[in-house]
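Here are the chains, one letter per residue:
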Amino acid sequence: MLTIAADIDALARFGRALADPIRCRILLALRKAPAHPADLAEELGISRTRLSNHLACLRDCGIVVTVPEGRRVRYELADARLGHALDDLRGAVLAVEADRTCLDAREKGCC
């Protein structure tokens with residue numbers, strides 16, 4: 001039973017990380033390469049304060065980690081498999097979206 005609870009917790013943390021469009025953009029950027037906060041803020045066109053809040057959430061979820069570099073810190077995905085998971089999840093969602101079998105999906109908001 002403990003394994004199921006741990007699995008649920010892990011998936012819930014990943015879901016929380018993906019629940020915000022800015023966090024999704026951060027994860028997609030970090031999927032390509034590690035980055036410093038100033039560079040991420042510029043790339044995403046958001047303030048450093050706003051970015052910092054989202055990075056804290058992603059750190060708390062265990063999705064990203066910091067790597068000290070002298071006086072600076074670099075952010076990267078906590079595990080390379082997360083990048084693959086993002087690619088797989090995005091691909092699966094787009095495939096399902098392109099091949100909806102529920103004809104009333106838009107009206108019902110179910111799929």
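The structure reproduced in this document is the subject of the present report. Nothing here was measured: the structure is a model prediction, and the numbers come from that model.

**Notes on the nonpolar core**
Now for step 1: Within the largest apolar cluster, 23 residues are counted, with the highest numbers of intra-cluster contacts made by Ile-26, Leu-27, Leu-30, Leu-40, Leu-51, Ile-63 and Val-64.
Now for step 2: Every element with two or more residues in this core is listed here: helix H1 (2-18), helix H2 (21-32), helix H3 (37-44), helix H4 (48-60), strand E2 (72-77) and helix H5 (80-98).
Now for step 3: With five residues, H2 is the single largest residue contributor to this core.
Now for step 4: Dropping the residues within four chain positions of it, Ile-26 is found in contact with Leu-44, Leu-51, His-54, Leu-55 and Leu-58.

**Here's the deal with the packing of H2 against H4**
Now for step 1: Running from N to C, H2 and H4 point in directions that differ by 75°, and their axes come no closer than 10 Å. Compared by their axis directions, H2 and H4 come out roughly perpendicular. Residue-level inspection shows Ile-22, Arg-23, Ile-26 and Leu-27 of H2 in contact with H4, the latter providing Arg-50, Leu-51, His-54, Leu-55, Cys-57 and Leu-58.
Now for step 2: When grouped by side-chain class, the residues that make up the contact of H2 with H4 number seven nonpolar, one polar and two charged.

**Overview of the environment of Leu-55**
Now for step 1: Within the secondary structure, Leu-55 is located in helix H4.
Now for step 2: Using a relative accessible area of 2% as the deciding quantity, one classes Leu-55 as buried.
Now for step 3: Note: C-alpha distance between Leu-55 and Pro-37 (18 residues apart in sequence) is 8.7 Å.
Now for step 4: Those residues in contact with Leu-55 that sit more than four places away from it in its chain are Ile-26, Pro-37, Leu-40, Val-64 and Tyr-75.

**Observations regarding the pattern of salt bridges**
Now for step 1: Under the criterion given, the structure shown has seven salt bridges.
Now for step 2: Among the salt bridges present, the one from Glu-76 reaches Arg-74, with a minimum N-O distance of 2.8 Å.
Now for step 3: Residue Asp-87 pairs with Arg-90 through a salt bridge whose shortest N-O separation is 3.8 Å. Here the residue Asp-87 and the residue Arg-90 both occupy positions in helix H5, the gap between them amounting to three residues, near one helical turn.
Now for step 4: Its relative accessible area of 29% is what places Asp-87 among the partly exposed residues.
Now for step 5: By relative accessible area, which is 39% here, Arg-90 ends up partly exposed.
Now for step 6: When salt bridges with common partners are traced through the structure, they connect Arg-31, Asp-87 and Arg-90 into a single cluster.

Reading the values: rules and limits
- Residues numbered from 1 in each chain as written.
- Predicted model: local features only at pLDDT ≥ 70, side-chain atom pairs only at ≥ 80, totals over all residues.
- Heavy atoms only, no water.
- Core = buried A, V, L, I, M, F, W, Y, C linked by side-chain atoms within 4.5 Å.
- Buried < 20%, exposed > 50% of the residue type's maximum accessible area, 1.4 Å probe, protein only.
- Helix = DSSP H or I, 4+ residues; strand = E, 2+ residues; numbered from the N terminus.
- Contact = heavy atoms within 4.5 Å.
- Axes fitted to C-alpha atoms, helices over the stretch in contact; angles between N-to-C directions.
- Parallel < 35°, antiparallel > 145°, perpendicular 65-115°, else oblique.
- Nonpolar A, V, L, I, M, F, W, Y, C, P; charged D, E, K, R; others polar.
- Salt bridge = Lys/Arg side-chain N within 4 Å of Asp/Glu carboxyl O.

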